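Next come the chains, spelled out residue by residue.
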Amino acid sequence: MRHLRLAPYLLIAPSLAFLFLLFFVPLIQTIALAFQSDAGPSLGKFDQMLGDLDFITAVKNTFGLAVVVVPLQFALALGMAMMLRKLRSGRDLVMWIWTIPLGISDLAAGLVWLSILTERGYLNTVLFHLGLIARPESWLTYETPAALFFAIVIAELWRATAIVFVILVAGVQLVPAEYEEAASVFGATTWQRFLRVTLPLLRPSIQTALILRTVLAFETFAVVLAIGGTTFPVLISQAFIWENQNQDYGTAAAYAVLIMVITLAATLAYLLALRPRAGEPA
Amino acid sequence: MRSIKQPLFIAGVVVLCAWTIVPIYLVALGGLGGDQGVYTWPKPFWPLAWSAGNLSAFLTIQGIWPAMLRSVEVAAMCMGFSIALGTPAGYALARFAFRGANAYRLAILLTRAFPVGILALPLAVSYVRLGLYDTALGVALIHTALALPFAVLVTSSLFLGIPRELEEAARVFGCSGLSAFRRVVLPLALPGVAATAIFAFVISWNEVFAAAVLTVRHKTLTAFLLSVLSESPLQAQFTGGFLLIVPSMIFIFLVRRYLFAMWGIASR
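About the cut-offs
Residues numbered from 1 in each chain as written. Chains lettered and ligands numbered in written order. Predicted model: local features only at pLDDT ≥ 70, side-chain atom pairs only at ≥ 80, totals over all residues. Helix = DSSP H or I, 4+ residues; strand = E, 2+ residues; numbered from the N terminus. Buried ≥ 20, exposed ≤ 12 C-beta atoms within 10 Å, placed from the backbone. Contact = placed C-beta atoms within 7 Å. Domains from an automatic or database assignment. Nonpolar A, V, L, I, M, F, W, Y, C, P; charged D, E, K, R; others polar. Core = buried A, V, L, I, M, F, W, Y, C linked by C-beta atoms within 7 Å. pLDDT = per-residue confidence, 0-100. Expected span 1.5 Å × (residues − 1). Axes fitted to C-alpha atoms, helices over the stretch in contact; angles between N-to-C directions. Parallel < 35°, antiparallel > 145°, perpendicular 65-115°, else oblique. Left-handed = near helix turned anticlockwise from the far one by under 90°.

Undergrad: Honestly, the overall build of chain B in this entry has me stumped. Any pointers?
TA: When its secondary structure is counted, chain B shows 11 helices and 0 strands. For chain B, the sequential pattern of α-helices and β-strands runs α-α-α-α-α-α-α-α-α-α-α.

Undergrad: In this structure, what is going on with the overall build of chain A? I would like to understand it.
TA: The number of helices and strands found in chain A is 13 helices and 0 strands. Mapped from its N terminus to its C terminus, chain A presents α and β elements in the order α-α-α-α-α-α-α-α-α-α-α-α-α. Taking all 282 residues of chain A together, 43% fall into the buried category. If you take every contact in chain A between residues at least 6 apart in sequence, the share linking residues at least 24 apart comes to 72%.

Undergrad: Help me out: how do you make sense of the environment of Tyr 258 of chain B in this one?
TA: All names here are of chain B. Take Tyr 258: it is sitting in helix H11 (residues 234-266). Overall, the presence of 19 C-beta atoms within 10 Å leaves Tyr 258 in the partly exposed class. Distance from Tyr 258 to Ala 195, taken between C-alpha atoms, is 7.0 Å for residues 63 residues apart in sequence. Aside from chain neighbours lying at most four places away, what touches Tyr 258 is Gly 192 and Ala 195.

Undergrad: Would you take a moment to explain the domain arrangement of chain B for this structure?
TA: A common way to report how large an interface is uses the accessible area buried once the components associate. Residues and elements named next belong to chain B. When cut into domains, chain B gives domain 1 (1-50) and domain 2 (63-266). Each of domain 1 and domain 2 was reduced to a C-alpha centroid, and the two centroids are 32 Å apart. Facing 8 residues of domain 1, the contacting portion of domain 2 comprises 7 residues. Its residues placed into classes, the side of domain 1 that touches domain 2 shows 5 nonpolar, 3 polar and no charged.

Undergrad: Explain the interface of chain A and chain B here, please?
TA: Counting residues at the interface gives 83 residues for chain A, matched by 75 residues for chain B. Broken down by element, the residue count for the side of chain A that touches chain B peaks at 16 residues, all from helix H1 (residues 2-34) of chain A.

Undergrad: I tried to follow the nonpolar core on my own but got confused; where do I start?
TA: One broad trend across soluble globular proteins is that nonpolar side chains are buried collectively. All names here are of chain B. Ranked by size, the top nonpolar core spans 162 residues in total, and within it Ala 120, Leu 121 and Ile 142 carry the most contacts. The dominant element in this core, judged by the number of residues it contributes, is helix H6 (residues 136-160), at 16 residues. Split by domain, this core shows at least three residues from each of two domains, domain 1 (1-50) and domain 2 (63-266).

Undergrad: What should I look at first to understand the confidence of the model for chain B in this one?
TA: Should the pLDDT be low somewhere, the predicted coordinates at that spot are not to be read in detail. Across chain B, the average pLDDT comes to 86, with 91% of residues at 70 or higher. With pTM at 0.89, the complex prediction returns an ipTM value of 0.88.

Undergrad: Where do I start with helix H10 (residues 203-217) of chain A in this structure?
TA: Working note: α-helix, 3.6 residues per turn, so residues spaced by three or four point in the same direction. Over its 15 residues, H10 of chain A runs 21 Å from end to end, which matches the ideal 21 Å to within 8%, given 1.5 Å per residue. Among the 15 residues in H10 of chain A, 13 count as buried, and that is most of the element.

Undergrad: What's the story with the packing of helix H3 (residues 55-86) of chain A against helix H7 (residues 145-174) of chain A in this structure? I'm lost.
TA: If you want to describe how two helices pack, look at the angle between their axes and the distance between the axes. All names here are of chain A. Direction vectors running N to C along H3 and H7 enclose 45°, while the axes themselves pass 7 Å from each other. Relative to H7, H3 is oriented oblique. Crossing of H3 against H7: the hand is right-handed. Taken together, the residues of the contact of H3 with H7 sort by class into 21 nonpolar, 3 polar and 2 charged.

Undergrad: What exactly am I supposed to notice about unusual backbone geometry here?
TA: Glycine aside, the phi torsion of most residues is negative, and most peptide linkages are trans. Phi is positive for Gln 247 of chain A, which is not a glycine, with a value near 50°. In this structure, Gln 247 of chain A sits in the loop between helix H12 (235-244) and helix H13 (249-273). Within the chain, Asp 134 of chain B stands out as a residue other than glycine whose phi angle is a positive 65°.

Undergrad: Mind showing me how you'd approach the confidence of the model for chain A here?
TA: Model confidence for chain A is summarised by a mean pLDDT of 88, while 96% of its residues fall at 70 or above. Model confidence for chain A, summarised as mean pLDDT per element, is weakest for helix H8 (residues 177-185) of chain A at 83 and strongest for H3 of chain A at 94.

Undergrad: How should I be thinking about the environment of Pro 233 of chain A in this particular structure?
TA: Residues and elements named next belong to chain A. Along the chain, Pro 233 turns up in the loop between helix H11 (222-228) and H12. On the basis of neighbour count, Pro 233 is assigned to the buried category, with 24 C-beta atoms found within 10 Å. Along the backbone, Pro 233 and Thr 57 are 176 residues apart, and their C-alpha atoms lie at a distance of 6.8 Å. Those residues in contact with Pro 233 that sit more than four places away from it in its chain are Asp 54, Thr 57, Ala 58, Asn 61 and Gln 238.

Undergrad: Looking at this structure, how should I read the packing of helix H3 (residues 64-95) of chain B against helix H8 (residues 177-206) of chain B?
TA: Residues and elements named next belong to chain B. Across the interface, H3 lies against H8 with an axial gap of 8 Å and an inter-helix angle of 135°. On the basis of their axis angle, the class for H3 and H8 is oblique. Crossing of H3 against H8: the hand is right-handed. In contact with Ser 71, Val 74, Ala 75, Cys 78, Met 79, Ser 82, Ile 83 and Thr 87 of H3, H8 contributes Val 193, Thr 196, Ala 197, Ala 200, Phe 201, Ser 204 and Trp 205. Taken together, the residues of the contact of H3 with H8 sort by class into 10 nonpolar, 5 polar and no charged.

Here is the structure:
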């Protein structure tokens, strides 16, 4: 029987070794690169990052996007999950359509919205037919920062709401219907049932969805480049520029460390804010 | 009251469906709908002429075919690695109670709360040293780091759903552990494993950042499109965007039954 006790370890060993080499090692390397200089450990690369002309803008844009997009996506996805529950017929079709964006790359999503929002695009055509504009207007240049920001928000809403939706629907399926029935027997209104029964029971799924979505928001890369080009710098696109164009791996790593610290802090914040209250099951 | 609510509800569902579908239709129209499509003003909302002209013009862009092949190659490798490494681990989590199982599960979950793609930045440096820079294998490895946690969690939930008794019965009838797995468990788990494989493929096919960082001359389709973004005509960009979406739509259709089970388990 001895081999059976070893069996699970043999089975997980390959994946563990792989994640060590391609997750843990590069993680340490990132930190090492960021704090390295010819003369030993230093903060020089962080100085370089802070001195980047686009740094402040990139920080503002990145946080601005995350702060606007994530709550909107959460609200939209929650609404969609509740609607799906009420739907009697055509459930499969609607579910498929609503989850299509899950498989769409951020680059493709950026190009989709570029086709709509570009100067001679479909949005302007609609505005023209409505008599609101007389000729093609451009929305995606540095002269129209608010419109550009809004365009990226829309593209992100379109692309990445599906992941939140799927996690929430999976959570809803695990909530026993009896709880809500009991609540309505005791006279709870629809709204009360939602707020007092469904939402608290969904807490683990809400936590997962928010953590995952926020981490992804700080990785949003190709959508931004496709729609805004270099006129809308974000942290990850700056890391890309330092790595690929400037060939300065240390400064790129400094950006990576900053992104990691932010996502880690966000994850911890969600874990604390959405922890089980006293008397609630974990 | 009810009579007003119901049509409103239906309208809401329809609007949300249109919100997903219409943009895909429009990018297809922009990419494939007629030759002067992109610069016509005001824009038509139906095709002037669906022509394969744009598509074939797109496919003759220097470097597009190699990029597509490269993408398929990378995604296939990522799929193979994820299944080969993830399925055994998923099986171990589902069937054995062993010391460290929870720590392992937690480690897997933690990688997901982390922007894995940015690890391509330091990997570029080590890849140059190892001769993996600008190779399909190099990109496939980091894509596997993205897809592997999913593969482990999903396959473990699959195996949990297959009664242990079936396996035990096979052993009573003289199967060894391995052949009980191969003849009884695997056939039952196969559709789910296939869905996991498809999901790994899509993760790799869609990934932009790591692919763009780790390649120069042998780019994947996403990395290629990103690099020519500023210099290619809009029409080619729209065609490219649409071509990226088509496989994804089919894949999501194929795995739709598993999506929710996947995320339900993963969030516990």
